[in-house]
Amino acid sequence: MAVNFIEGIKPCSDAKVGIVVSRFNSFICERLLEGALDTLKREGQVEDSNITVVRVPGAIEIPLTLELMAQSGKYDALIALGCVIRGATYHFEVVANECAKGITQVTLNNRCIVSNGVLTTNTIDEAVQRAGSKAGNKGSEAASAALEMINVTRQLKA
C-alpha cells in the first residue's frame, strides 16, 4: 500500500490573494510588502489583478481587516504584514500579542489561509535584518507560505 503525500507547490496563477499592511513603521513594512509582491508574482505567478493590498494604520488594525476580507470569500489566502518594535512601555506586548492572537482567530474562525508576516522585534536593527537584509525578507516568506498553503488546501478539498 502506497503512502499518500500532500505537499504544496508554489505556482498558482489563478490564486486571489489579499495583503493587509500596516503603515506604522512604514520604512520596514514597505520592504515586507515589496518582498511579498515579488514572491507572489515570481514564485506563484499570481496576476497583478488577483492581488489586493489594503493599508491600515497599525498592527492592531490588521486582524479586523483580515476578518472582513476573509468573510468576503473573495480570497484564497491573506497575508498580514506589519512591524512592532519594542519600546520602553508595556504597549509592545499588548500590540504584538493581540495582533498575533487576532490573526490566528481569523484563520480558525473563517477556515481561511492567513500567513503572518508581522514582525515583532526588540530593535529597529532586528526589523531591518528581517525586512530584506541578513535574515531575509519575512514578507517574502509569508507570501511563500501562503502560496504553498493554497495548493495544500486545494488538494485536501479535492
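Okay, so let's go over this structure. Everything numeric here is computed off the predicted structure, so don't read it as measured data.

### Observations regarding the overall build of the protein chain
For step 1, the next point in the chain: Along the backbone of the protein chain there are five helices and six strands.
For step 2, the next point in the chain: Counted from the first residue to the last, the protein chain has its helices and strands arranged as β-α-β-α-β-α-β-α-β-β-α.
For step 3, the next point in the chain: In terms of C-alpha radius of gyration, the protein chain reaches 16 Å, essentially the compact-globule figure of 15 Å for 158 residues.
For step 4, the next point in the chain: Oriented by its inertia axes, the alpha-carbon framework of the protein chain measures out at about 55 × 35 × 30 Å.

### Digging into the nonpolar core
For step 1, the next point in the chain: Membership of the largest hydrophobic core comes to 27 residues, with the highest contact counts inside it found for Ile19, Leu40, Ile79 and Leu81.
For step 2, the next point in the chain: Among the elements that make up this core, the one with the highest residue count is helix H1 (residues 26-42) (six residues).
For step 3, the next point in the chain: What Ile19 contacts, discounting residues up to four positions off in sequence, is Leu33, Ala36, Leu37, Leu40, Ile51, Thr52, Val53, Val54, Met69, Ile79 and Leu81.
For step 4, the next point in the chain: Counting residues in each nonpolar core, the second largest holds 20 residues, with Met69, Ala80, Val95 and Ala96 among its members.

### Remarks on the sheet that holds strand S2 (residues 51-56)
For step 1, the next point in the chain: Reading across from one edge, S2-S1-S3-S4 is the order of the four strands in this open sheet, with parallel pairing throughout. On the outer flanks of this sheet lie S2 and strand S4 (113-121), each paired with one strand and no other. Averaged over all neighbouring strand pairs, the angle between strand axes comes to 15°, with direction disregarded.
For step 2, the next point in the chain: Note that strand S1 (residues 17-22) and S2 share six bridges and pair parallel. Considered in S2, the bridge of Ser22 is made with Val56.

### Concerning the pattern of salt bridges
For step 1, the next point in the chain: All told, the structure shown has nine salt bridges when counted by the stated rule.
For step 2, the next point in the chain: Between Arg154 and Asp14 there is a salt bridge, with its nearest N and O atoms 3.0 Å apart. Taken together, the residues span a long stretch of sequence, with Arg154 in helix H5 (residues 138-157) and Asp14 in the segment before S1 at a distance of 140 residues.
For step 3, the next point in the chain: Residue class for Arg154 comes out partly exposed when judged on its relative accessible area of 32%.
For step 4, the next point in the chain: Judged by its relative accessible area of 47%, Asp14 falls in the partly exposed class.
For step 5, the next point in the chain: The partner of Asp38 in a salt bridge is Arg42, and the shortest N-O contact between them spans 2.8 Å. Residue Asp38 and its partner Arg42 are both found in helix H1; the two are separated by four residues, about one turn of the helix.
For step 6, the next point in the chain: A relative accessible area of 37% places Asp38 in the partly exposed class.
For step 7, the next point in the chain: One salt-bridge network, in which partners are shared between bridges, spans Asp14, Asp76 and Arg154.

### Re the pairing of S4
For step 1, the next point in the chain: Among the nine residues in S4, seven count as buried, and that is most of the element.
For step 2, the next point in the chain: When strand S3 (residues 77-85) meets S4, the two strands line up parallel, connected through nine bridges. Residue pairing across strands places Val84 opposite Thr120, the latter belonging to S4.
For step 3, the next point in the chain: Once you follow S3 into helix H3 (residues 91-110) and on to S4, the crossover reads as right-handed.

### Brief notes about H5
For step 1, the next point in the chain: Here H5 contains 20 residues, and its C-alpha end-to-end distance of 28 Å stays within 8% of the 28 Å for a straight helix at 1.5 Å per residue.
For step 2, the next point in the chain: Three or more residues of H5 are buried, namely Gly139, Ser140, Ala142, Ala143, Ser144, Ala146, Leu147, Ile150, Asn151 and Val152.
For step 3, the next point in the chain: Taken together, the buried residues of H5 touch S1, H1, S3, S4 and strand S6 (136-137).
For step 4, the next point in the chain: N-cap assignment for H5: the residue whose side-chain oxygen lies 2.8 Å from the backbone N of Gly139 is Asn137.

Thresholds applied
- Residues numbered from 1 in each chain as written.
- Predicted model: local features only at pLDDT ≥ 70, side-chain atom pairs only at ≥ 80, totals over all residues.
- Heavy atoms only, no water.
- Helix = DSSP H or I, 4+ residues; strand = E, 2+ residues; numbered from the N terminus.
- Rg over C-alpha atoms; globule rule 2.2 N^0.38 Å.
- Core = buried A, V, L, I, M, F, W, Y, C linked by side-chain atoms within 4.5 Å.
- Buried < 20%, exposed > 50% of the residue type's maximum accessible area, 1.4 Å probe, protein only.
- Contact = heavy atoms within 4.5 Å.
- Pairing = 2+ DSSP bridges.
- Axes fitted to C-alpha atoms, helices over the stretch in contact; angles between N-to-C directions.
- Salt bridge = Lys/Arg side-chain N within 4 Å of Asp/Glu carboxyl O.
- Right-handed = clockwise from strand over helix to strand, strands pointing away.
- Expected span 1.5 Å × (residues − 1).
- Polar contact = N/O pair within 3.5 Å; in protein donor to acceptor, adjacent residues only side chain to side chain.

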